[in-house]
Amino acid sequence: MPKTRDRLWAALFIMLSVGVAVMVYYAAGRTIQNKAAPDMEYFRSMRTWGPFTSAAGAFIIVILLAGFLKSIATRTAQIKTEVAKRTRELYASESKMRAILDGAVNSIIIIDQLGSVQMFNRAAERTFGYEAAEVLGRNIKMLMPEPYRSGHDQYLLNYMTTGNKKIIGIGREVRARRKDGTTFPIYLSVSEVETDTQTRIFAGMIVDITKSKEADEELRRISERLSLAVRSGGIGIWDYDIKTGELIWNEQMFELYEMRPQDFTGTYTDWSGKVHPDDLPSTEERLGSAISGEVDFDTEFRIVTSSGEKTIKASSITLRDDVSGRPSRMIGINWDITAERKREKELQDLSENLKAARDLAETASRAKSEFLSSMSHEIRTPLNAIIGMADLLSETQLTDEQAKYIKTFQMAGCSLLEIINDILDLSKVEAGQLELESVCFDLNELLAGVGEIMSLRARQKGLELVMARLPETIGLIGDPTRLRQVIVNLVGNAIKFTEKGEVAVVVDVLNSTNSDIELRFSVKDTGIGIPKDKLESVFERFTQVDSSTTRKFGGTGLGLTISKRFVEMMGGQMCVESEYGRGSVFFFTAKFKIDHECRYPLKPAAGKAKDNVPQAEPPELKPLSILLVDDNEDNRNLIMVYLRKTPHKIEMAENGQIAVDKFISGSYDLVLMDMDMPIKDGLTAVREIRQWEVDKQAKRATILALTAHALKEHEEMSHDAGCDGHLAKPIKKAVLLEALAKYGS
């Protein structure tokens, strides 16, 4: 298209030139004709054709001028169109550039040679807090704090005239000023932008490095703290070049290994030469495995120094690889754990000593339990005969003097039995072997039973015994036997230490919900009281307020100790308030569950409480064939006398082996089996009898353990062996008959 236009313009120029030449030729001819040779033929012909020629030339010129003018108009329109197009393109390019600059993450500011701001992008607005309109056209110094503000103009002038650079094309860290007046660190990079005008333009890129500086400062503080920790903790840092064998130590490493820096060659042997010969092979093997990437370098070894052996804990911080991926450097730490290992050894020795002491204590505890169990058995066995025979004698015709003697026997036997029971209870509590029952009982019925038991003793001393009663019957879940034992003990002590007046039992409800209740039991007396300096010791075992050899009141001092332990197991506490010569109040709290459907009869007390409750013989007894097994002749005779007036048929065996033989060859409804016997003990005999019954598919006989072993674990052992019940010696005649009636039916 441009070539076509050029050709058109050339043709028009030629035509215009021809027209002008014709007109000039005609005009020149007329002039010559008129002045020089008007009659010449040539000029005559010109006169003839001249007008036509002039007219043609003029016409051509007019045509050419019109075309020229039209061409100029067309060209002008084209130029305007091109200018508009170029203007739009320039505007689009500028808008695009502006969008790019505004979208930049970093601040970009453009100034002219006078320092006037020409462009201020969005990032700069965010960084400095100014809107672009507030900055454009103003001097860049408004964004500078001192001393940069004062020196900027001179610096810019110096660069413009000399070309000396301080920041342009280099970049450096300076400080800037926000709109709110605060200053902050920036990294500034300035470059001069080339233009086709005489105006010089400078573009600055700004990065806010506030967070970076804060991070650097925090890193510096951490580094200082780490350095302090390393120095104060005696942590040595080492850097080992695996390829060259070069070893670098920090100051603490020299202190750990007790080496002078001037004696350090920086080689592997500086370290290996200090390691204990016995530990070096395993340590080097561990180091090699760590370098190969198999394990982490985390080990202990001994070193030999001038001051002696040390135990060093070593571990690697990092393992660095070279460009080929092979390990090139290892950095790690060492610290002295000699004192730590020494303490561990001491603790281990102490632990072993404690374990030995514990084992010894457990052995002693087992020995004590076995001793108490054995003593209980050995004492209960003759007591069974003493108390039983005394009871039998009391049923015969006696003189008053004989009845008095028999009563003394009975009281002495019961007192001795109470002491044995107290010692066994205390032993079980201290060994953690005593567990409370959780059965339903009626508290009012329990209190009434205690009143019946203790009222005779109170009347004998002329005292009034007042027993509390709750206004309504409440079914409680707990251990009625131990609760009764505590109340009986407190009431018994109150009666013993009171010469006149009364003993009162009071029960108060402290807290109560639909499912739980907390009660406080108080036992008040008008007795001799307790001195203030003795109040704290009354609950200690084997302790009496009057410990003199001439004391008036006897006792072992175990009752209160055991009672206090029972109360604590019930979730309560026991305390005492007393004034010497004016009486005492022992009170304790206990927690129970409430069972609104509980209507079970109260269980009779075991041991001493039950022994004091008279039991009537059943009116009718089913005849039983009984095998009585006991190695003690007195006990066998006692049981025979107990059952002499009953319809039962009794055979006897002196040990477990005879009992098994007789049971296999005979036929028995019930077996009374002693546990501790020669040749074959009762537990073994029971197991063999039960096995024989299974093998022969024989009818299962009732077997009752009748033994002086009265501990809970003994009862469990007899039950596990196959016994149906457990009767403890000494046994009352009524209790035996009741058991035969119960199990024999």
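Position numbers for residues count from 1 along each chain, tracking the sequence in the order it is written. pLDDT decides what is reported in this predicted model: residues at 70 or higher carry local features, side-chain atom pairs at 80 or more are listed and counted, and totals for whole chains, interfaces and linings draw on all residues regardless. The side-chain figures draw on all heavy atoms in the structure; neither hydrogens nor water molecules are used.

### Thoughts on the packing of helix 13 (residues 480–496) against helix 14 (residues 559–569)
Consideration 1: One way to put it is that helix 13 packs onto helix 14 with a least axis distance of 10 Å and a crossing angle of 145°. Pair helix 13 / helix 14 crosses with left-handed handedness. Across from Arg482, Gln485, Val486, Asn489, Leu490 and Asn493 in helix 13, the residues of helix 14 making contact are Gly559, Leu560, Ile562, Ser563, Phe566 and Val567. Axis lines are fitted to C-alpha atoms, over the contacting stretch for helices. Their N-to-C directions set the angle, which ranges from 0 to 180 degrees. Where helices and strands are cited, they refer to DSSP runs of H or I of at least four residues and of E of at least two residues respectively, numbered from the N terminus. Two helices crossing with the near one rotated counterclockwise from the far one by less than a right angle form a left-handed crossing, whereas a clockwise rotation gives a right-handed crossing. Any two residues having at least one pair of non-hydrogen atoms within 4.5 Å are treated as being in contact.

### Quick word on the pattern of salt bridges
Consideration 1: Any carboxyl oxygen of Asp or Glu within 4 Å of a side-chain nitrogen of Lys or Arg constitutes a salt bridge here. Evaluation of the coordinates by the stated rule reveals 26 salt bridges.
Consideration 2: For Asp263, the salt bridge is made with Arg260, and the minimal N-O distance between the two is 2.9 Å.
Consideration 3: Between Glu340 and Arg341 there is a salt bridge; the shortest N-O distance is 3.4 Å.
Consideration 4: Relative accessibility under 20% of the residue-type maximum defines a buried residue, over 50% an exposed one, and the middle range a partly exposed one, all with a 1.4 Å probe and only protein chains included. Residue Glu340 is classed as partly exposed on the basis of its relative accessible area of 34%.
Consideration 5: You can call Arg341 partly exposed: its relative accessible area is 25%.
Consideration 6: Salt bridges here are not isolated pairs; linked through shared partners, they connect Glu300, Glu340, Arg341 and Glu344.

### A word on the packing of aromatic side chains
Consideration 1: Between rings of Phe, Tyr and Trp, where Trp is taken as its six-membered ring, a pair exists when centres lie within 6.5 Å; planes separated by under 30 degrees are stacked, by over 60 edge-to-face, and by other angles tilted. Inspection of every chain in the model, using the stated rule, returns 14 aromatic pairs.
Consideration 2: Both rings, one in Phe254 and one in Phe264, keep their centres 5.1 Å apart while their planes meet at 90°; by these two values the pair is edge-to-face. Of the two residues, Phe254 is situated in helix 7 (residues 251–257) and Phe264 in the loop between helix 7 and helix 8 (268–272); the sequence distance between them amounts to ten residues. By the burial criterion, Phe254 is buried, and Phe264 matches it.
Consideration 3: Relative to Phe301, the ring of Trp271 has its centre 5.8 Å away and its plane inclined at 85°; by these criteria the two rings are edge-to-face. Here Phe301 lies in strand 8 (residues 298–305) and Trp271 lies in helix 8, a separation of 30 residues in the sequence.
Consideration 4: With a relative accessible area of 9%, Trp271 lands in the buried category.
Consideration 5: Since its relative accessible area comes to 2%, Phe301 is described here as buried.
Consideration 6: Counting every residue linked through ring pairs, the aromatic cluster contains Tyr240, Tyr268, Trp271 and Phe301.
Consideration 7: Geometrically, a lysine NZ or arginine CZ counts as sitting over a ring once it is within 6 Å of the ring centre and also within 35 degrees of the ring normal. A cation over a ring is seen here: Arg178 above Phe184, with NZ or CZ 3.8 Å from the ring centre.

### With respect to helix 16 (residues 633–642)
Consideration 1: Three or more residues of helix 16 are buried, namely Asn635, Arg636, Leu638, Ile639 and Tyr642. Along helix 16, the residues classed as buried sweep out an arc of 160° about the axis, all on the same side. Directions drawn from the helix axis to the C-beta atoms are what define this arc.

### Brief notes about helix 9 (residues 280–291)
Consideration 1: With twelve residues, helix 9 ought to run about 16 Å at 1.5 Å a step, and its terminal C-alpha atoms sit 16 Å apart, in line with that.
Consideration 2: Within the span of helix 9, buried status applies to Leu280, Thr283, Leu287, Ser289 and Ala290.
Consideration 3: In the stretch just after helix 9, Gly293 is the one whose phi turns positive, near 85°. For a helix, the expected span equals 1.5 Å multiplied by the residue count minus one.

### As for the packing of helix 12 (residues 443–460) against helix 13
Consideration 1: One way to put it is that helix 12 packs onto helix 13 with a least axis distance of 10 Å and a crossing angle of 30°. Here helix 12 is positioned roughly parallel relative to helix 13, judged by the angle of their axes. Of the two elements, helix 12 crosses helix 13, and the hand of that crossing is right-handed. Between helix 12, through Leu443, Leu446, Leu447, Val450, Met454, Arg457 and Ala458, and helix 13, the contact on the second element is made entirely by Pro480, Leu483, Arg484, Ile487, Val488, Val491, Gly492 and Ile495.
Consideration 2: Of the residues belonging to the contact of helix 12 with helix 13, the class tally is twelve nonpolar, one polar and two charged. Put simply, angles under 35 degrees are roughly parallel, angles over 145 are roughly antiparallel, angles from 65 to 115 are roughly perpendicular, and the rest are oblique. Nonpolar residues are Ala, Val, Leu, Ile, Met, Phe, Trp, Tyr, Cys and Pro. Charged residues are Asp, Glu, Lys and Arg, and all others, Gly as well, are polar.

### Topic: the side chain of Ser563
Consideration 1: Counting through the fold element by element, Ser563 comes out in helix 14.
Consideration 2: Once you skip the residues sitting within four places of it in the chain, Ser563 turns out to touch Val486, Asn489 and Met574.

### A look at the confidence of the model for the protein
Consideration 1: Confidence of the predictor at the level of single residues is captured by pLDDT, which takes values from 0 to 100. Across the protein, the average pLDDT comes to 78, with 73% of residues at or above 70.
Consideration 2: Residue range residues 542–556 is modelled with pLDDT below 50. Its contacts to residues more than four positions away, or to other chains, number 25 contacts.

### Re unusual backbone geometry
Consideration 1: Of note, the bond from Glu146 into Pro147 is cis; its omega dihedral lies within 30 degrees of zero at 5°.
Consideration 2: Within the secondary structure layout, Pro147 lies in the loop between helix 4 (132–135) and helix 5 (148–162).
Consideration 3: Backbone torsion omega between Lys729 and Pro730 reads -5°, so that peptide bond is classified as cis.
Consideration 4: Here Pro730 lies in the loop between strand 22 (725–728) and helix 20 (733–744).
Consideration 5: Phi at Glu258 takes a positive value of approximately 55°, unusual for a residue other than glycine.
Consideration 6: Among the secondary structure elements, Glu258 is positioned in the loop between helix 7 and helix 8.
Consideration 7: Unlike most non-glycine residues, Gln697 shows phi in positive territory, near 55°.
Consideration 8: As for its placement among the helices and strands, Gln697 is situated in the loop between helix 18 (682–696) and strand 21 (702–707).

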